[in-house]
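For reference, the chains in residue letters:
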Amino acid sequence: MSEFREPSIESMEDSQPEDRVLRPQRLEEMIGQQDVHERLAIAIDAARKRSEPLGHILLDGPPGLGKTTFATCIPRELGTSLQIASGAALGAPKDLLPYLTNAGESSVLFIDEIHRLPIAVEEFLYPAMEDFRIDIILGDGMSARTINMPLQPFTLVGATTRAGLLSAPLRDRFVVREHLDYYSVSELAKIVFRSAGKLDMPMDDETATEIAGRSRGTPRLANNRLRWVRDYSTSRANRLVDLEIARTALEMQGIDELGLDGFDRRYLETLQRVFGGGPAGIEAIAHTMSTAVDTLEDDVEPFLLRYELIVRTPRGRRLTERGEAHLGDAPPSGPQQKLF
Ligand code: ADP
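Residues numbered from 1 in each chain as written. Predicted model: local features only at pLDDT ≥ 70, side-chain atom pairs only at ≥ 80, totals over all residues. Heavy atoms only, no water.

Turning our attention to the site of the ligand. Lining the immediate surroundings of the ligand are 17 residues, of which Ile31, Gly64, Lys67, Thr68 and Thr69 lie closest. Separating an oxygen atom of the ligand from a side-chain N or O atom of Arg23 is a distance of 3.2 Å. Interatomic distance of 2.6 Å between a side-chain N/O atom of Thr69 and an oxygen atom of the ligand. Protein burial of the ligand: of its 560 Å² of free accessible surface, 95% is covered by the chains. Only helix H4 (67-78) and helix H10 (219-237) provide two or more residues apiece to the shell around the ligand. The residue makeup of the shell around the ligand includes at least three contributed by each of domain 1 (9-179) and domain 2 (185-252). (Near = heavy atom within 4 Å. Polar contact = N/O pair within 3.5 Å; in protein donor to acceptor, adjacent residues only side chain to side chain. Areas by Shrake-Rupley, 256 points an atom, 1.4 Å probe, with all protein chains shown as cover. Helix = DSSP H or I, 4+ residues; strand = E, 2+ residues; numbered from the N terminus. Domains from an automatic or database assignment.)

Here it is in structure tokens:
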């Protein structure tokens, strides 16, 4: 068994200390996702009133929309502990074992990127989720035998950017399944406004709305763009952030009015220029852009699809009229790498 290190909330915080300051600590601090918020609050309240463990929860949606934030708020609401693991790091059942045996009664185990669990780990998880029990096989061949080990009843919260990659048996074991969608500009403006307050940055509504409108419906991007505007204003403007500073700072990073950065636009340009608007296969596009298919599928395409700049057809991706029009309006693609 690999050496066990107790996972903690701290261990999953984003690399910058400010991320911890900006991340909501309680459900009531979270802005937007009203329906998801309400359903989770009801499930949590019912579990608390009945003194039962909360059913397993699956959260899916594009990166940066609040899956981890929901997952870290839930145990705080329940008054229980949290362990955090990543699907990518759980290569074998023995990697998952310490998390399961360490899970206290009604505690929460959060597995990020749960679609990346190998099948052997997934199968090991089934009885743990269903009967709070694990089956350990000792020996092999004819002399192999299975011993059952009981676990404390716990709640698994899984997060994924690719719900479609989850196997049906795993998906079916989640009692609550919630999809997080992109935020509206007014919701993001509230997040920007609140984050600016936490960073001691006076800000008017117009400027918060400008930053929000250029954040691709994503709180993580809104916070990152806000920090860039703050850096720009400190270094170049030497005055409080206003609408003009926000616009200049974001344009300097090649972020357009829809919130696309240079890399997003290069995807659209590649589709238009190299593939005549498509349809084109994702591998061919990724190859032409010298990037990974996963980067395009996780970070670039969901927003372009949601805003109908591209469509997916059986024969590949195709630029829409709206996508063409956006390229016509937009500045040249600028930075070749994803900015955040
Ligand atoms: P995901 O796990 O979906 O990739 P996170 O939960 O890590 O996304 O969210 C990224 C950041 O965005 C958080 O650090 C937090 O500051 C902010 N954030 C996400 N959702 C919300 C929300 N509903 N209200 C306020 N801030 C949010």
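Anyway, onward from the coordinates.
Once that is clear, we can look at the sheet that holds strand S3 (residues 108-112). Ordered by their spatial adjacency, five strands build an open sheet running S2-S3-S6-S1-S7, and the pairing between neighbours is parallel. Every other strand in the sheet has two partners, leaving strand S2 (82-86) and strand S7 (176-179) as the edge strands with one partner each. Averaged over neighbouring strand pairs, the angle between their axes works out to 15 degrees when direction is ignored. Two elements, strand S1 (residues 57-60) and strand S6 (residues 155-160), share four bridges in a ladder whose sense is parallel. By the bridge assignment for S6, Asp60 is matched with Thr160. Sheet strands touched by H4: S1, S2, S3 and S6. Its angle to S3, the strand with the most contacts, is close to 175 degrees. On top of the sheet, helix H5 (residues 93-102) reaches S2 and S3; it is set at about 165 degrees to S2, its chief contact. (Pairing = 2+ DSSP bridges. Axes fitted to C-alpha atoms, helices over the stretch in contact; angles between N-to-C directions. Contact = heavy atoms within 4.5 Å.)

Here we take up the confidence of the model for the protein. Residues of the protein with pLDDT of at least 70 account for 91%, and the chain-wide mean is 88. Note on residues 1-15: pLDDT is under 50 here. Beyond four places in sequence and across chains, it has 28 contacts. (pLDDT = per-residue confidence, 0-100.)

Here we take up the layout of surface pockets. Considered as a void within the structure, the second largest pocket measures approximately 310 Å³ in volume. Taken together, 18 residues line the second largest pocket, and the ones lying closest to its centre are Pro62, Thr161, Glu297, Pro302 and Leu305. Of all the elements, helix H14 (residues 293-306) adds the most residues to the lining of the second largest pocket, at six residues. Residue composition of the lining of the second largest pocket, by class: seven nonpolar, three polar and eight charged. When residues of the lining of the second largest pocket are assigned to domains, at least three fall in each of domain 1 (9-179) and domain 3 (262-329). (1 Å grid on protein atoms, 1.4 Å probe; cavity = no way out; pocket = protein on both sides within 12 Å on 5 of 7 lines; lining within 4 Å. Points joined across faces, edges and corners; volume = space filled by probe spheres on them. Nonpolar A, V, L, I, M, F, W, Y, C, P; charged D, E, K, R; others polar.)

The next point concerns unusual backbone geometry. The general pattern is negative phi for most residues beyond glycine and trans for most peptide bonds. Along the chain, Gly278 connects to Pro279 via a cis peptide bond; the corresponding omega equals 5 degrees. Examined against the element boundaries, Pro279 turns out to sit in the loop between helix H12 (262-273) and helix H13 (282-288). Residue Ser51 is not a glycine yet carries a positive backbone phi of 50 degrees. In the Ramachandran plot, Glu113 falls in the positive-phi region, its phi being about 50 degrees despite a non-glycine side chain. Structurally, Glu113 can be placed in the loop between S3 and helix H6 (119-131). Glu113 sits in the partly exposed class, given a relative accessible area of 28%. (Buried < 20%, exposed > 50% of the residue type's maximum accessible area, 1.4 Å probe, protein only.)

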